[in-house]
Amino acid sequence: MFSYFTLHFPVVPPPGRIQFPSVKPNSVVLSWGNPKGLEGPKSFRIMWSSLQKVEGRLVIKNFHKIEISNLELGQQYFFSVATEDEDGNLSEWVTATVFTVVPPPRHLTKEHSDATSLTLKWMDGEKMEGIPQQFLIAVESPGKEPLVIHTHDYCKKVCDLEPDTKYTISVSTVVNDRCSKPISICTRTEPSLRQVLSKIGLEDQYDTKLTLSTVLEINQYDRSQRKPKSARAVPEAFLKQLMLLNTNARSATCVSQDGDKCNAINLLDLVTALFLCSDSALQQDLVLKMSLCQFAVPLLLPNSETREITMMLWSMRDIVRTFRPSQQAFLKSYCDERLVLSDIPLVSFVRLGKTSLSKSQMLNKLLCNNQQIHHTFCHRIMACCDVPRRISDGLVEISWYLPCGNRKIDKFTEPLAFTNMRGDIKASERQFAFLCQASAAVYIYCDESETNYFKHLEGKHLAANIFLISSTQGKSYRLKQLTVNPRLKMTDISQIKKTDTELLKALQESVSKMLVSPQTKKVSLADLAYTAHCCQILVDEDRDECQTAWENASKITAKVTNISEFKDKQLPYQGNIWKAISWVETECWRLRKVGNNNPGNYCESIKEKEKELRNKQRSFEMTTAVECFHHGMTTSEVQRYHFLKWLEMELDNLSRHQLSALQDRYKELRQKSLEETKEIVLTDNQISACSLRVVHFVRECGQLYNNVSCLPEYSRQRKNIEQLPGQCAQMMLDGFPLELVDGDATNIPIKWISQVLTELHNIMNSSSKLKVITVIGAENSGKSTLLNTMFGVRFAVNVGTCTRGAFIQLISVSKDIRKELGCDCIMLIDTEGLKPHRMVRDDHSHERDKEVASLAVALSDVVVVSISNDSSREKDLWEMVCHAFARLKGVSKKKPVCHFVHTNMYDMPALEQLKRSKELMEQLNEMIGKDVKMKKANINKLSDVIKFDLNNWSWYIPPVWDGTPPMAPVNVGYSATVYTLKKVLINDLQKCPERGDLIQFIGKVEQFWKTV
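Conventions used here
Residues numbered from 1 in each chain as written. Predicted model: local features only at pLDDT ≥ 70, side-chain atom pairs only at ≥ 80, totals over all residues. Heavy atoms only, no water. Helix = DSSP H or I, 4+ residues; strand = E, 2+ residues; numbered from the N terminus. Rg over C-alpha atoms; globule rule 2.2 N^0.38 Å. Buried < 20%, exposed > 50% of the residue type's maximum accessible area, 1.4 Å probe, protein only. Contact = heavy atoms within 4.5 Å. Areas by Shrake-Rupley, 256 points an atom, 1.4 Å probe, with all protein chains shown as cover. Lys, Arg positive; Asp, Glu negative; His and termini not counted. Charge placed at Lys NZ, Arg CZ, Asp CG, Glu CD. Pairing = 2+ DSSP bridges. Axes fitted to C-alpha atoms, helices over the stretch in contact; angles between N-to-C directions. Core = buried A, V, L, I, M, F, W, Y, C linked by side-chain atoms within 4.5 Å. Salt bridge = Lys/Arg side-chain N within 4 Å of Asp/Glu carboxyl O. Left-handed = near helix turned anticlockwise from the far one by under 90°. Nonpolar A, V, L, I, M, F, W, Y, C, P; charged D, E, K, R; others polar. Patch = residues over 30% accessible without salt bridge, like charges linked within 9 Å, V, L, I, M, F, W, Y side chains within 5 Å. Phe/Tyr/Trp six-rings, centres within 6.5 Å; stacked < 30°, edge-to-face > 60°. Lys NZ or Arg CZ within 6 Å of the ring centre and 35° of its normal. Expected span 1.5 Å × (residues − 1). Polar contact = N/O pair within 3.5 Å; in protein donor to acceptor, adjacent residues only side chain to side chain. Parallel < 35°, antiparallel > 145°, perpendicular 65-115°, else oblique.

Q: Is there a simple way to think about the overall build of the chain in this case?
A: Assigned secondary structure in the chain consists of 32 helices and 34 strands. Whereas a compact globule of 1012 residues would reach a radius of gyration of roughly 31 Å, the chain reaches 40 Å, over 25% beyond that. Dimensions of the chain, computed from C-alpha atoms along their principal axes, come out at roughly 180 × 60 × 55 Å. Here the chain, with 1012 residues, has 57% of them falling under the buried criterion. Counting only contacts in the chain whose residues sit at least 6 apart along the sequence, the fraction spanning at least 24 positions is 71%. Carbon and sulfur atoms form 49% of the exposed surface of the chain, whose accessible area is close to 45,300 Å². Between the centroid of the 128 positive side chains of the chain and the centroid of its 118 negative side chains there is a distance of 3 Å.

Quick look at the structure:
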């Protein structure tokens, strides 16, 4: 028999449950409980493995806790622990599993946001460098379904969000299908474009568009300037001040007194909103006035609703500047250029990420001459520029540096353009791409930590030289050149700069060095339209109405090779024959050469001669140029405006340089000696012959209309000609002045003027009650500039010739104050400058300026007499002014209110002003008392012919420019004084008795013209 023995092994109690007090990316701390019933020293055998392999095993004594290191992050690990007795017997294994931690991303930030998107940026988690990883982005908002986005990138643009909505954004790292804990930020999307527009009262204008006539309309603001009390009042305050060329227009803020800025709007948002809500005519006018104030103007305009970017080429077309680069300074001549056509270097400044240094402030310092400092570009220290931007990120502004030829003043000896892009280039890739291809140089502000961004540029062809203004935590700066082709390379080109002044000097040296290089890229803005298209950027000139208008205008200008010959062949009605008709027509009532002849017989012979001349004039036919003009005028309202502006600008381009030289010669002769009458008259005639403007085509239309009765009643040509007065009436409503007195023929085409104003009366639905303001005064005393600044209108200035004859323009009056003011509109009359009586001509045209002045005064409710500070001509001027007023005695029973404006007067104490005003009054009364003709007319003192307020009848206006042009902005003192005068003039109009409408005005014109 066998006997069986049972082996009894000791039972070793297992450890307690495994726990993990700490789990890290590369280590785990595990602990376990004490084995039950086992006293004394204990040993534990530990074993761990991953899914791929056994990682390790060990035995520890008398410890219940251990840290296992050198693990891989994001991996699943299996841990087993058993109790071991002194004989090596093991308990049951206690097991547990755990995943090592995946480190969350670090430094999650919002780089950019707008109404429907935001851009996030983050960095690797701790010790994650070089480890392949992915990221999950969770986008959550109360009441909305969460969105999860997967990406391999460290920067992500989240789109299709709701405007003005709070979001929680979380980002997790993903390694081996394991997610880290999320890192989160709470943020809010920007209000939508429509919400921003609604805040400032422009919600309706986004679709209907603001117009120039609406902005220029006389309303309560023109009578009492007030600081806006709400955001909705800001656009009007800004526009009204800008129309006055007030360089403080940007200070129109609406921040409450307690410092709460919720009611404020960033100035760049305001500018963006206004341009998005303005029609093309107003956009062009805004750009022109902003440039005169030395404000930067939009080059690339973003629309945050449509995601479109528009190059504002048409808006900048009207900017013409006179400057003197080094070559012209040597020759003592000037350049007179339309800036969009000038081939000059373009230097761009952009930003990558966030920087502590103000790019715009640095640009302003770079642009400012040593003589003056001006805030061309808005910057964070300016009022309301520290308010968060909502709709203007991606806006690219442009300004120009233009030398004056004085090396003590000029920072750069050649002209160049500077652009400034708002916001981060990562959020505005199309704008950045455009600038890299259009510019001669692009300067990028960035932090050293951001330079990895440029890796995506490697190998690409960039037309611009790229420079980095690299900073180290905003404490020091270094200028580097970035080369991207064939491979990325950064080269230091300056030492470390620790102050703004040192950096500014380095920038100036860099730009100056670029200017003298023959390889520097020069380009006109007009030629950059193709580049814009390549970058998926729209161009405002691409609109059908603008292109068609340009084609119509080009059909006319293409025919012009010699201006004088063109006028003779294409504008025959207004040539010498019209001058001859004008002379005999006015001779019938002026009898200048009647001599000893019988007046009746003399008049009959004159009328017979006029009849012969009329018949000869009627033999002309409508030329192709006039047909093209008529065709351009018969299009839509928008296209007509574009046609007239294109024609105006293209004609100016053809004649400007020659006219500028002649005008300089004319001024030189007048300043040198007024005895050089023949030379002055010859130069004046040359100016007239070389001048070709829109007004010449309108004159031709007027003469065609005057002779329309000779055409068959139902002929097509007669029908076309009969449309001309209505077209010119519409032209006036578009803001173009109408010539009242032909400055070359010294006559008024009464039939034409009457019909144009009648058509205008009908278009205005017979609501044309008016009051009249006229400016008369010395030649070159700033009359047109004064009216343009005061009312925002555009009487011709800087076109190479002074005003000839008289021009009229209408300004609408708001319905709110029409009853109070007693009129529906205000008519402005700009007159030819009064010339010294020594400039006598055989054709009696030297009397034209006095006759025009007398007519304008007779038609007016308020007269402004503009006086330059040329004391050598003052006596002549006062005599002419007094005679102009004296003629009123026999023409009109009413006395106009009069103001005397002394221009170009530097700071003058109030007591000195009172003293000079008193002396002026005494001088005028003395002059009147000595004049025999005035005594015969019972005129003994100034108050016999005009009305004036002794307290504010004499004004002293500072110079227009604050410094040396072309970099000088308009003088704040000039615009402020002009605005004060404007308020007084409007108040004077209110006191004047009501007069008739345009129909009655027509009758007065004919009556007074024959009388004066």
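Following the structure, the description resumes.
Q: Looking at this structure, I do not really get the sheet that holds strand 28 (residues 738-741). What am I missing?
A: In a beta sheet, neighbouring strands are held together by backbone hydrogen bonds and run either parallel or antiparallel to one another. If you trace the 7 strands from one edge of the open sheet to the other, you get 28-30-31-29-32-33-34, paired in mixed fashion. Two strands bound the open sheet, and with one partner strand each, they are strand 28 and strand 34 (954-956). Strand-to-strand, the axes of this sheet are offset by a mean angle of 25°, without reference to chain direction. Taken together, the 6 bridges between strand 29 (residues 770-777) and strand 31 (residues 825-831) define a ladder with parallel strand orientation.

Q: Would you take a moment to explain the nonpolar core for this structure?
A: Nonpolar side chains tend toward joint burial in soluble globular proteins. Grouped together as the largest cluster of nonpolar side chains are 154 residues, with contacts concentrated most on W400, F418 and F434. Per-element tally for this core: the top contributor is helix 6 (residues 267-276), with 8 residues. With residues up to four places along the chain from it excluded, the contact list for F418 reads V347, F349, L363, L366, L367, F377, E397, I398, S399, Y401, F412 and V511. One finds W646, L704, Y705 and L724 within the second-largest nonpolar core, a separate group that totals 100 residues.

Q: Please clarify how the pattern of salt bridges should be interpreted in this entry.
A: A pair can form between side chains of opposite charge whenever their charged atoms are brought close. Throughout the structure, instances matching the rule amount to 40 salt bridges. Linking D744 and R804 is a salt bridge whose minimum nitrogen-to-oxygen distance equals 3.8 Å. Of this pair, D744 sits in the loop between strand 28 and helix 24 (750-763) while R804 sits in the loop between helix 25 (783-791) and strand 30 (806-812), and the two are 60 residues apart along the sequence. By relative accessible area, which is 12% here, R804 ends up buried. Between D944 and K941 there is a salt bridge, and its shortest N-O distance comes to 3.4 Å. Residue class for K941 comes out partly exposed when judged on its relative accessible area of 40%.

Q: Can you walk me through the packing of helix 5 (residues 234-243) against helix 7 (residues 280-292) in this structure?
A: Axes are the key here: two packed helices are described by the angle between their axes and the distance separating the axes. Running from N to C, helix 5 and helix 7 cross one another at 65°; their axes reach a closest spacing of 9 Å. Relative to helix 7, helix 5 is oriented so that their crossing is left-handed. In contact with L239, L242 and M243 of helix 5, helix 7 contributes D285, L286, K289 and M290. By residue class, the composition of the contact of helix 5 with helix 7 is 5 nonpolar, no polar and 2 charged.

Q: Quick question: what am I supposed to make of a positive patch on the surface here?
A: Positive charge collects at one region of the surface, where K894, K895, K947 and K1004 lie side by side. Position of K895 among the secondary structure elements: in the loop between helix 28 (874-886) and strand 33 (897-902).

Q: I would appreciate a short explanation of the pairing of strand 32 (residues 862-867) in the present structure.
A: On a regular strand, one side chain projects to one face of the sheet and the next to the other, so that they alternate. Among the 6 residues that make up strand 32, 6 are buried, leaving the element largely enclosed by the rest of the structure. Both faces of strand 32 are covered, namely the face carrying V862, V864 and S866 and the face carrying V863, V865 and I867. Pairing between strand 29 and strand 32: 5 bridges, direction parallel. Residue pairing in the sheet places I773 in a bridge with V862 of strand 32. Relative to strand 33, strand 32 is paired through 6 bridges, and the arrangement is parallel. By the bridge assignment for strand 33, I867 is matched with H902.

Q: Please explain unusual backbone geometry as it appears in this structure.
A: Along the chain, N485 connects to P486 via a cis peptide bond; the corresponding omega equals 5°. In this fold, P486 is placed in the loop between strand 25 (477-483) and strand 26 (489-492). Positive phi, close to 60°, is recorded for N780, a residue that is not glycine. Note that N780 resides in the loop between strand 29 and helix 25.

Q: Looking at this model, I keep getting lost on the packing of aromatic side chains. Mind explaining?
A: Note on aromatic pairs: each is described by the distance of the centres and the angle between the planes. Going through the model one piece at a time under the given rule, you end up with 21 aromatic pairs. For the pair W122 and F135, a centre-to-centre distance of 5.4 Å together with 70° between the ring planes defines the contact as edge-to-face. Here W122, found in strand 9 (residues 118-123), pairs with F135, found in strand 10 (residues 134-140); they are 13 residues apart in sequence, far enough to count as distant. F135 carries the same exposure label as W122, and that label is buried. Here the aromatic cluster, defined as three or more aromatic residues joined through ring pairs, consists of F349, Y401, F412, F418, Y443, Y445 and F467. Over the ring of Y334 we find R324; its NZ or CZ atom is 4.1 Å from the centre of that ring. Over the ring of F736 we find R794, and its NZ or CZ is 4.6 Å from the ring centre.

Q: Which parts of the structure should I look at to understand the pairing of strand 4 (residues 54-61)?
A: With 7 bridges connecting them, strand 3 (residues 43-50) and strand 4 associate as antiparallel partners. Directly across from F44, in strand 4, lies its bridge partner I60. The hairpin formed by strand 3 and strand 4 contains 3 residues between the paired strands.

Q: Can you help me understand helix 21 (residues 694-706) in this one?
A: Note on helix geometry: an α-helix contains 3.6 residues per turn, so any two residues three or four positions apart are oriented the same way. Along its 13 residues, helix 21 runs 19 Å from first to last C-alpha, staying within 8% of the 18 Å computed at 1.5 Å per residue. Burial analysis of helix 21 places 13 of its 13 residues in the buried class, the great majority of the element.

Q: Just checking my understanding: could you explain the environment of E739 for this structure?
A: Relative to the elements of secondary structure, E739 occurs in strand 28. For the pair E739 and K936, spaced 197 residues apart in sequence, the C-alpha to C-alpha distance is 34 Å. Once residues lying within four places of it in the same chain are set aside, the contact partners of E739 are V695, R699, I753, R804, A806 and F807. Engagement of the side chain of E739 in a polar contact is seen with the side chain of R699, the distance being 2.8 Å.

Q: When you look at the packing of helix 16 (residues 576-590) against helix 17 (residues 599-618) in this model, what are you seeing that I'm missing?
A: Across the interface, helix 16 lies against helix 17 with an axial gap of 9 Å and an inter-helix angle of 155°. As the angle between them shows, helix 16 and helix 17 are arranged roughly antiparallel. Classified by chirality, the crossing of helix 17 by helix 16 is left-handed. Facing helix 16, whose interface residues are I577, W578, A580, I581, W583, V584, E585, E587 and C588, helix 17 presents Y602, C603, I606, K607, K609, E610, L613, R614, K616 and Q617. Looking at the contact of helix 16 with helix 17 residue by residue, the classes come out as 11 nonpolar, 1 polar and 7 charged.

Q: Please clarify how the sheet that holds strand 12 (residues 155-158) should be interpreted in this entry.
A: Across the sheet, which stays open at both edges, the 3 strands sit in the order 8-9-12 with antiparallel pairing between neighbours. Two strands lie at the open edges of the sheet, namely strand 8 (106-113) and strand 12, each paired on one side alone. The average undirected angle you get between the axes of adjacent strands in this sheet is 20°. Of the pairings in the sheet, the one linking strand 9 to strand 12 comprises 4 bridges and is antiparallel in character. Residue pairing for strand 12: L120 is matched across the bridge by K156.

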